[in-house]
Amino acid sequence: MMKAFYPQLVYIEPGALEYPLGKQLKEKFEREGVEIRETTSHNQVRNIPGNNDFQKYRNAKSTLVVGVRKTLKFDTSKPSAEYAIPLATGCMGHCHYCYLQTTLGDKPYIRTYVNLDEIFESADRYMMDRAPEPTRFEAACTSDIVGIDHLTHSLKKTIEHMGQTEWGRLRFVTKYHHVDHLLDAKHNGNTRFRFSVNSDHVIKHFEPGTSSFLERLEAAQKVAKADYPIGFIVAPIVWYEGWEKGYLELFERLEAILPTYAKKDMTFELIQHRFTKTAKRIIQKRYPKSKLEMNEDERKYKWGRYGRGKYVYKDDEAGQLKETINTYIDKFFPEAKLEYFT
């Protein structure tokens, strides 16, 4: 069984101790004998232990930084939400393909932000600007927030805050099964709880340090029983030898394990594997034995926002991936909503 994350080293910004959650976390880690260091800023954490970059990277993944999120401009380029809500940054997982490899660069440590009331006030303003249109907030743009929430309960507080609003909707995705403390949250149906799933091949080779497929599915059952709307993100969809059979088995297992009540309001989001040149360089450095295919010659270059682009599958392959997985969804989950393929 995948153990819940626990930091081996904690850094705290002095300003974080002016907030209740900052004080609580300091007292908690002091009681439990975790080494605590001070840092001037959650963006400037130095002296992560390790004799080389590889060791420092591994140690950063087990380091928690408790800070204050000063820039509260919410933004997202995700197709799943209007805005990101910044509760945390960084992840304890070791998924080879993750875009956080480049987004976080040389700061792969995990940050949690304690100024929740200020974050909620900003979110409320964004909601009011768009009312009476609902406003969707994504809580997992730069982290796997469920993976640390057993320590902070920031996500639980956010779920309950959104549950009290008329126009706020919360969304997040996770690869972790540590959801028990979230089951009694008063969500009022305003939070969609999504799980990242994939074929056995992808989970086995490219998702170390995450909960197993069955653990994720057991968590999804619990969450659905607690009346959360649920969803699944199949990402990244990877083209490999035998992928059709691998993804067929994924949907067969999903359909067989999920109870009827979990299927009543279900969504799917599909994201094909993509990478940038920078990501490829970092991934090969951090995971030198990875079997992740990143051959630019076999890909199509797709321009993105801000003049930057990424390598995706060529149109024929992307089309086959989309059509095949759409067919599986239609067969096993005919009432589910497919939100997008990208």
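This text gives an overview of the structure that appears in the document. (Residues numbered from 1 in each chain as written. Predicted model: local features only at pLDDT ≥ 70, side-chain atom pairs only at ≥ 80, totals over all residues. Heavy atoms only, no water.)

**Some remarks on the sheet that holds strand β4 (residues 83-84)**
Thought 1: Reading across the sheet, the seven strands line up as β4-β7-β8-β9-β10-β11-β14 and stay open at both edges, with parallel pairing between neighbours. Each edge of the sheet is formed by a strand with only one pairing partner; in this case those strands are β4 and β14 (337-341).
Thought 2: Judged from the four bridges that link them, strand β7 (residues 135-138) and strand β8 (residues 168-174) form a sheet pairing that is parallel. Following the sheet pairing, F137 is matched in β8 by L170. (Pairing = 2+ DSSP bridges. Helix = DSSP H or I, 4+ residues; strand = E, 2+ residues; numbered from the N terminus.)

**A few points about the environment of Y311**
Thought 1: For Y311, the location among the structural elements is in strand β13 (residues 309-313).
Thought 2: Taking the relative accessible area as the measure of exposure, Y311 reaches 10% and is therefore buried.
Thought 3: Each C-alpha atom of the pair Y311 and R299 lies 5.7 Å from the other, and the pair is 12 residues apart in sequence.
Thought 4: Aside from chain neighbours lying at most four places away, what touches Y311 is H273, R274, F275, K277, E296, R299, K300 and Y301. (Buried < 20%, exposed > 50% of the residue type's maximum accessible area, 1.4 Å probe, protein only. Contact = heavy atoms within 4.5 Å.)

**Some details on the nonpolar core**
Thought 1: Counting residues in hydrophobic clusters, the biggest one holds 97 residues, and the most contacted among them are Y247 and F251.
Thought 2: Grouped together as the second largest cluster of nonpolar side chains are seven residues, Y11, A60, V65 and Y109 included. (Core = buried A, V, L, I, M, F, W, Y, C linked by side-chain atoms within 4.5 Å.)

**A short note on the sheet that holds strand β5 (residues 88-89)**
Thought 1: The strand order across the open sheet formed by five strands is β2-β1-β3-β6-β5, and the pairing between neighbours is mixed. Every other strand in the sheet has two partners, leaving β2 (35-38) and β5 as the edge strands with one partner each.
Thought 2: Bridging between strand β3 (residues 63-67) and strand β6 (residues 110-113) involves four bridges; their strand directions are parallel. Each residue of the ladder has a partner; that of V66, found in β6, is T112.

**Concerning the packing of helix α8 (residues 213-225) against helix α9 (residues 243-257)**
Thought 1: Taken N-terminus to C-terminus, the directions of α8 and α9 make an angle of 35°; their axes are 11 Å apart at the nearest point. Relative to α9, α8 is oriented so that their crossing is right-handed. Residues F213, L214, L217 and Q221 of α8 lie in contact with α9, whose contacting residues are L250, R253, L254 and I257. (Axes fitted to C-alpha atoms, helices over the stretch in contact; angles between N-to-C directions. Left-handed = near helix turned anticlockwise from the far one by under 90°.)

**Digging into the packing of aromatic side chains**
Thought 1: Tallied over the entire structure, the rule returns 17 aromatic pairs.
Thought 2: A centroid spacing of 5.7 Å and a plane angle of 55° characterise the contact between F251 and F268, whose relative ring orientation is tilted. Placement of F251 in helix α9 and of F268 in strand β11 (residues 266-272) is noted, with a sequence separation of 17 residues between them. Here the two residues F251 and F268 agree in accessibility, since each one is buried.
Thought 3: Ring plane angle 20° and centroid distance 5.3 Å describe the contact between F275 and Y311, whose orientation is recorded as stacked. Taken together, the residues F275 in the loop between β11 and α10 (277-286) and Y311 in strand β13 connect sequence positions 36 residues apart. Each member of the pair, F275 as well as Y311, is classed as buried.
Thought 4: Here the aromatic cluster, defined as three or more aromatic residues joined through ring pairs, consists of F172, F193, F195, Y228, F232, F251, F268, Y328 and F333.
Thought 5: Its guanidinium or amino end placed over the ring of Y313, R299 lies 3.9 Å from that ring's centre, counting from NZ or CZ. (Phe/Tyr/Trp six-rings, centres within 6.5 Å; stacked < 30°, edge-to-face > 60°. Lys NZ or Arg CZ within 6 Å of the ring centre and 35° of its normal.)

**Describing the pairing of β3**
Thought 1: Of all five residues in β3, five are buried; the element is thus mostly enclosed.
Thought 2: Burial along β3 is two-sided: the residues T63, V65 and G67 and L64 and V66 are all buried.

**Some words on the side chain of S143**
Thought 1: As for its position among the elements, S143 is in the loop between β7 and α5 (146-152).
Thought 2: Apart from the residues within four sequence positions on either side, S143 is in contact with A88, T89, G90 and L100.

In short, shape yes, function no, at least from these values alone.
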